[in-house]
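Now for the letters of each chain:
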Amino acid sequence: MVNTISILGSTGSIGTQALDVARKLNLNICALTAHSNTDILEQQVREFKPSFAVVFCEDKAKDFRLKIADTNTKVLSGMDGLIQASTADGADMVLNSVVGMVGLLPTLSAINAGKDIALANKETLVAGGQLVMNAVEANRVNMYPVDSEHSAIFQCMQGMNDKKELKRLILTASGGPFFGKTADELKDVTLKDALNHPNWSMGAKITIDSASMMNKGLEIIEASWLFDMPQDRIDVVVHRESIIHSMIEFTDNSVLAQLGQPDMRIPIQYAITYPNRYESPVKPLDLTEISNLSFYKPDYKTFKCLSACKKAIEMGGSAPAIVNGANEVANRMFRDGKIKFLEIGELVTEALHNVEKKEIKSVDDVLFADKSARQYVIDAVG
Ligand code: NDP
Ligand code: MG
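So, a few notes on the structure that sits alongside this text. Since we're looking at a predicted model, the values are computed, not measured.

Scanning the protein chain from N- to C-terminus turns up 17 helices and 11 strands. For the protein chain, the C-alpha radius of gyration of 20 Å lies close to 21 Å, the compact-globule estimate for 382 residues. Its C-alpha atoms put the protein chain at 55 × 50 × 40 Å along the principal axes. Looking at the 382 residues of the protein chain, the share that counts as buried comes to 55%. Once local pairs closer than 6 in sequence are excluded, the contacts in the protein chain between residues at least 24 apart make up 67%. Split by element, the accessible area of the protein chain, about 16600 Å² in all, is 48% carbon and sulfur. Averaging the locations of the 40 positively and 48 negatively charged side chains of the protein chain gives two centres separated by 1 Å.

This next bit is on the sheet that holds strand S8 (residues 166–173). Ordered by their spatial adjacency, four strands build an open sheet running S9-S8-S10-S11, and the pairing between neighbours is mixed. For this open sheet the edge positions go to strand S9 (234–238) and strand S11 (255–259), each flanked by a neighbour on one side alone. Adjacent strand axes in the sheet meet at a mean angle of 20°, parallel and antiparallel pairs treated alike. Of the strands in this sheet, S8, strand S10 (244–250) and S11 are in contact with helix H7 (residues 148–157), which crosses S10 at around 40°.

Time to look at the coordination of the magnesium ion (ligand 2). Each protein donor to the magnesium ion (ligand 2) is listed here as Asp-147 (OD), Glu-149 (OE) and Glu-219 (OE); together their distances run 2.1 to 2.2 Å. Written as a sequence motif, the donor residues of the magnesium ion (ligand 2) are D-x1-E-x69-E. A residue pair is termed long-range when its members are at least 10 positions apart, and Asp-147 in the loop between strand S7 (143–145) and H7 and Glu-219 in helix H11 (residues 214–226) qualify at 72 residues. For Asp-147, a relative accessible area of 8% translates into the label buried.

On inspection of all chains with the given rule, the structure shows one cavity of 30 Å³ or more. By volume, the largest cavity amounts to about 60 Å³. The wall of the largest cavity is formed by Ser-148, Ser-151, Gln-155, Trp-200, His-245, Gln-258, Gln-261, Asp-263, Ile-266 and Pro-267. At the level of secondary structure, the elements contributing two or more residues to the lining of the largest cavity comprise H7 and helix H12 (265–273). Classifying every residue of the lining of the largest cavity by side-chain character gives three nonpolar, six polar and one charged.

What follows deals with the layout of surface pockets. Taken as a whole, the second largest pocket encloses approximately 230 Å³ of empty space. Listed by contribution, the elements that provide at least two residues to the lining of the second largest pocket are helix H6 (122–138), S7 and H7. In the lining of the second largest pocket, the residues fall into 10 nonpolar, one polar and no charged.

Strand S1 (residues 4–8) sits mainly inside the fold: five of its five residues count as buried. With four bridges joining them, S1 and strand S2 (residues 28–34) adopt parallel strand pairing. Within S2, the residue paired with Ile-5 across the bridge is Ile-29. Regarding the hand of the β-α-β motif, the stretch spanning S1, helix H1 (residues 13–25) and S2 is right-handed.

The environment of ligand 1 is formed by 24 residues, the closest being Thr-11, Ser-13, Ser-36, Asn-37 and Glu-123. Interatomic distance of 2.7 Å between a side-chain N/O atom of Thr-11 and an oxygen atom of ligand 1. Within the backbone of Gly-12, a nitrogen or oxygen atom sits 3.2 Å from an oxygen atom of ligand 1. Relative to its unbound accessible surface of 900 Å², ligand 1 loses 86% to contact with the protein. Residue assignment for the shell around ligand 1 shows that the elements contributing at least two residues are H1 and H6. Per-class residue counts for the shell around ligand 1 are 10 nonpolar, 11 polar and three charged.

Two pairing modes exist for strands in a sheet, parallel and antiparallel, and in both the strands are linked by backbone hydrogen bonds. Read from one edge of the open sheet, seven strands run S4-S3-S2-S1-S5-S6-S7, paired in parallel fashion. Edge positions in the open sheet fall to strand S4 (74–77) and S7, since each of these has one partner strand only. Pairs of neighbouring strands in the sheet enclose a mean axial angle of 20°, with direction left out of account. Pairing of strand S6 (residues 116–119) with S7, which is carried by three bridges, proceeds in the parallel orientation. In the strand pairing of S7, Leu-119 is matched with Pro-145. Of the strands in this sheet, strand S3 (52–55) and S4 touch helix H3 (residues 58–67), which is tilted by about 170° from S4.

Rules and cut-offs
- Residues numbered from 1 in each chain as written.
- Chains lettered and ligands numbered in written order.
- Predicted model: local features only at pLDDT ≥ 70, side-chain atom pairs only at ≥ 80, totals over all residues.
- Heavy atoms only, no water.
- Helix = DSSP H or I, 4+ residues; strand = E, 2+ residues; numbered from the N terminus.
- Rg over C-alpha atoms; globule rule 2.2 N^0.38 Å.
- Buried < 20%, exposed > 50% of the residue type's maximum accessible area, 1.4 Å probe, protein only.
- Contact = heavy atoms within 4.5 Å.
- Areas by Shrake-Rupley, 256 points an atom, 1.4 Å probe, with all protein chains shown as cover.
- Lys, Arg positive; Asp, Glu negative; His and termini not counted.
- Charge placed at Lys NZ, Arg CZ, Asp CG, Glu CD.
- Pairing = 2+ DSSP bridges.
- Axes fitted to C-alpha atoms, helices over the stretch in contact; angles between N-to-C directions.
- Donors = N, O, S within 2.8 Å, 3.2 Å for Na, K, Ca; no water.
- 1 Å grid on protein atoms, 1.4 Å probe; cavity = no way out; pocket = protein on both sides within 12 Å on 5 of 7 lines; lining within 4 Å.
- Points joined across faces, edges and corners; volume = space filled by probe spheres on them.
- Nonpolar A, V, L, I, M, F, W, Y, C, P; charged D, E, K, R; others polar.
- Right-handed = clockwise from strand over helix to strand, strands pointing away.
- Near = heavy atom within 4 Å.
- Polar contact = N/O pair within 3.5 Å; in protein donor to acceptor, adjacent residues only side chain to side chain.

So, in structure tokens, the structure goes:
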């Protein structure tokens, strides 16, 4: 098992749960990072005594340096700081749980430094899939999924004899707060409505991505890269209770599923302890308490983000980076009250069709596609 870990985005929803897991497993912490939430980061530094703490925001980093001057933790800042944290000697694994494309360079740097990766930051794989997977192979490191659906598939795959016998991946989706609603009913939904997720408690960006189903679209792309599967062999089924976290189907039509409480500490812990399992703080599953599990087809017409992501992975090249970049801006604009909910799907779809698509040969190509998509949305909203 991993002995020492660095956690990027340690102050977020996944980051704090990862530290909960680390505490119970008695892991050493090499580096912790935040964007600007120095109050939580300070508590974490005092408890876990990492060698490095990164505050992405430069101004806040200056104050933070003074705040924790009595500790032995070195404070870094900006992208350089994130990269130093992700490549620091001593860590066997880097858990990347920052939100957004900002995680791409730290993930690539960690891989190139020979670190195993526990990946929550799905935007990294969506935008830079080919580059990331090539780097994983070239550096012979392991990348373990933290996203619950991908962890479920990975867990099911432990029961697979030969990849040739795998027919299909079945991603489950809760359907979010707006399942079953028509476009007309979604016209005037508020931020409060969209943040009201039925089963999971998560950061704001992914909660909105779940309401728009962009999250499931990103997860199709993520699964396609992680498990080397074309999008036409990745299906989505809406499963309202979020008890089955995903499934795999074999050539003989037998299906394996992974079940558990909707609690991210199980997939986080499995990514860290693979292939072993340890006790966890998660409540055991009592199926008689749940009694019903329900399944429905997703609505690709109303939830335009889902169709845009399927199209993007089919198009290949920079198209996934474009839908991701467009969504990062549109999601933020919706949270800032600048656009309406349905405009997220419209803007992502428009960006996919109108932003120039190219082959991805380098990180710069990914960054360029991302920037162009962001600019497209900014200009379109005006
Ligand atoms: P949160 O918003 O709760 O946390 C994000 C973390 O990243 C925080 O530590 C934040 O710091 C830091 N951060 C944010 N922006 C930047 C930036 N520009 N530069 C550096 N650091 C930054 O997100 P979640 O924990 O919910 O999600 C993290 C990732 O995991 C996302 O990619 C998400 O899709 C994925 N994921 C999350 C799940 C969940 O249950 N939450 C489930 C599956 C996947 P600060 O606190 O200072 O702002
Ligand atoms: Mg997920």
